[in-house]
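Here is how the chains run, residue by residue.
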Amino acid sequence: QVQLVESGGGLVQAGDSLRLSCAASGRTLSMGWFRQTPGKEREFVAAIPWSGGTTNYADSVKGRFAISRDNAKNTLYLQMNSLKPEDTAVYYCAASRTYTIQTIPSDYNYWGRGTQVTVSS
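Residues numbered from 1 in each chain as written. Predicted model: local features only at pLDDT ≥ 70, side-chain atom pairs only at ≥ 80, totals over all residues. Heavy atoms only, no water.

Details of unusual backbone geometry
Negative phi values dominate among residues other than glycine, just as trans dominates among peptide bonds. Phi is positive for N74, which is not a glycine, with a value near 55°. In this structure, N74 sits in the loop between β7 (65–70) and β8 (75–80). A relative accessible area of 17% places N74 in the buried class. A positive phi is found at S82, a non-glycine position, where the angle reads about 50°. Structurally, S82 is set in the loop between β8 and β9 (89–95). (Helix = DSSP H or I, 4+ residues; strand = E, 2+ residues; numbered from the N terminus. Buried < 20%, exposed > 50% of the residue type's maximum accessible area, 1.4 Å probe, protein only.)

Next up, the structure:
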């Protein structure tokens, strides 16, 4: 089945940028990024269909984050700019069995183990 491995997280200052990567094995269709902090539910961040066309973003990150994918490399990316302390979370890569965009965790079938992003003020 699909295996997902995130990388690129780290500790940065507010206003800095990071690019997360998600290396996938197996067939991935629509994919997305979620984030989670202790004591909170997993939160939708961004999603992209197989075609890499129309994307979807949470209001909290729209204009700052950009999701993209390289299907030849079977890799998903999340470019994060103008990072804020509120962006601090474990970021998870997810893949769906469908071609269409999904925005809630239960609609995804495969998950990575996450990568920590910490933004200091």
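Resuming the write-up.
Some remarks on the pattern of salt bridges
Per the counting criterion, the structure on display carries three salt bridges. Where E43 meets R35, a salt bridge forms, and the shortest distance between an N and an O atom there is 3.0 Å. Accessibility expressed as a relative area gives 31% for E43, which makes it partly exposed. A relative accessible area of 6% means that R35 is categorised as buried. D87 is paired through a salt bridge with R64; the nearest N and O atoms lie 2.7 Å apart. Here D87, found in the loop between β8 and β9, pairs with R64, found in the loop between β6 (56–57) and β7; they are 23 residues apart in sequence, far enough to count as distant. Note on R64: relative accessible area 11%, which makes it buried. Connected through salt bridges with shared partners, the residues R35, E43, R64 and D87 form a single ionic network. (Salt bridge = Lys/Arg side-chain N within 4 Å of Asp/Glu carboxyl O.)

A closer look at the packing of aromatic side chains
According to the stated counting rule, one finds four aromatic pairs in the structure shown. In this structure an aromatic cluster arises from ring pairing among F34, F44, Y108 and W111. Sitting over the ring of Y92, R42 keeps its end group 3.7 Å from the ring centre. (Phe/Tyr/Trp six-rings, centres within 6.5 Å; stacked < 30°, edge-to-face > 60°. Lys NZ or Arg CZ within 6 Å of the ring centre and 35° of its normal.)

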